[in-house]
Amino acid sequence: MLCKNLLTSYQLENYENIRFLKFIYSHPKFWILWGDRQKLVWTKKAIMIAILTISIAIIKLTSYIILFYDTTPIYINILAIILWVLAFPIYMIIANFLLIPIDKHLKNQIIKKAKIKLDGIKNKKYLKVIWITWSYGKTSQKEILETVLKESFKIITTKGNKNTPLWISEIILNELDETYDIFIVEMWAYVRWDIKEICDLVNPEIGILTWITIQHLERFKTLENIVKTKFELIENISENWLAIVDCSNKNVKKWLEERKNTLKVKDIIEVNNPQKITYLDNLAWISFNYDKNTIETKLLASHSANQIIMAYEIAKYLEMPTKKILTWIKNINYIQHRLELIYNSSSNLYVIDDSFNGNFEWVKSTIELLKNIKWHRRLYLTPGLVELWKETFKIHHEIWKMLAEAVDKVLLIDSPATKSIYNWLIDKWFEQNNITIYKSTTEAHDDLKNILISEDVIIFQNDWSDNYF
């Protein structure tokens, strides 16, 4: 159980040693008891790390018993056993280090095989790879794009959050074949060159790049590093093909203006925000004008309009009829856990599940939606945002200031992002009876039956994994 709990944490931290050690030594309860919300994925790598960790621990303990146990005072032996247990995270890091040569070799072999297969399919038929990357919203864009295109093309996509080079290679090897017309890939990136590595694998014909913000600033350290990493897509896209860039984002627009003439991509479509978005009173849909058309969608927030415009432009580029494009845009369903509207008819409650949204720009868009809900009491449940590093207080200050004008009650989950600002919120923006702080997500959810009344609208914004608390 100890090894499994530690390995769960290590995996959640993407096997980053410093982050793992920092978390596990500051959260001793997770050594013994890990919550049910995150499960260890028993990959081949995880299995090998577990076996090696236990082996190293047994060797260490056995060596101590043989060499020192009988001749050492009992209190020293007890101390040695305690230290042996506390060193388990170190054993795990050593195990991972020992696996690096094998792990790297096997991954390279899988990626190489995937590239050969993908190149072979591209040589035989007109398969297009569409690549999606930005600081957030990749999964939403993937699902929107798939819905718009799927009636005209046979499509395969990356699944869920399986968007690393290895996972993408597994999809190519096990699922992709010559019957598909389009392969939609979303890309995970935490460090420089992550995106270039996948570009070398899939050689995309169409690239989508939109919002770049300080999401994951704690990992990238600077906004410049984030921008450079995301633009690896546009820099490495296939010649004579298409890049669609959201210039409503100032970071994207600035970088594009500086480097546009150096890019090898043939066509660049620059997209900006629609001028006016209309919110329907009953949360049925939003509408906006674009390209001389009125576009209607049940997706609720303004950032959804930008994503739909991206899909619209790609569908046009692929020569789909405009009428068909608009029809399929209307058919886009809510994206699970991303501003997903759930109406409970028995209690007459509106729940907006935004639990997979953990970025500042979309939070602003969500708050704008709340401002346009005038006829219901509005509640906002959140633990705050993560990985904002030195910008944490500043960003949350802006969020709470906007919330004061848009919601009636704030429900906070106790976390590093909310602890330091609870009293400040009461002093500055909210009366004490309109803000509540809970020890855990479970406690907050259990208390909702005592808070919610008919016709309330409540947003669940962001849901941290346990390694962030």
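Look above for the structure.
In this text, all values refer to a predicted model and were calculated from it rather than measured experimentally.

Q: Residue-level account of the pattern of salt bridges, with values.
A: The final tally for this structure, using the stated rule, is twelve salt bridges. The closest approach of N and O atoms between Asp 103 and Lys 107, which form a salt bridge, is 3.5 Å. Placement of both Asp 103 and Lys 107 in helix 6 (residues 88-124) is noted, with a separation of four residues, approximately one turn of the helix. Classification of Lys 107 as partly exposed rests on a relative accessible area of 29%.

Q: Describe the packing of helix 1 (residues 2-12) against helix 2 (residues 17-26), naming the residues involved and giving the relevant values.
A: The contact between helix 1 and helix 2 brings their axes to 9 Å, and the two run at 130°. In this view, helix 1 runs oblique relative to helix 2, as classed from their interaxial angle. Like other packed secondary-structure pairs, helix 1 and helix 2 cross with a definite hand, here right-handed. Within the contact between the two elements, helix 1 uses Leu 6, Ser 9 and Tyr 10 and helix 2 uses Asn 17, Phe 20, Phe 23 and Ile 24. When the residues that make up the contact of helix 1 with helix 2 are grouped by side-chain class, the tally is five nonpolar, two polar and no charged.

Q: Would you mind going over unusual backbone geometry in detail, with residue names and values included?
A: Non-glycine residue Asn 14 carries a positive phi angle of around 55°. Within the element layout of this structure, Asn 14 appears in the loop between helix 1 and helix 2. The class of Asn 14 is partly exposed, set by a relative accessible area of 32%. The phi torsion at His 337 lies on the positive side, around 65°, for a residue other than glycine. Inspection of the secondary structure assignment puts His 337 in the loop between helix 15 (322-330) and strand 10 (340-344).

About the criteria used
Residues numbered from 1 in each chain as written. Predicted model: local features only at pLDDT ≥ 70, side-chain atom pairs only at ≥ 80, totals over all residues. Heavy atoms only, no water. Salt bridge = Lys/Arg side-chain N within 4 Å of Asp/Glu carboxyl O. Helix = DSSP H or I, 4+ residues; strand = E, 2+ residues; numbered from the N terminus. Buried < 20%, exposed > 50% of the residue type's maximum accessible area, 1.4 Å probe, protein only. Axes fitted to C-alpha atoms, helices over the stretch in contact; angles between N-to-C directions. Parallel < 35°, antiparallel > 145°, perpendicular 65-115°, else oblique. Left-handed = near helix turned anticlockwise from the far one by under 90°. Contact = heavy atoms within 4.5 Å. Nonpolar A, V, L, I, M, F, W, Y, C, P; charged D, E, K, R; others polar.

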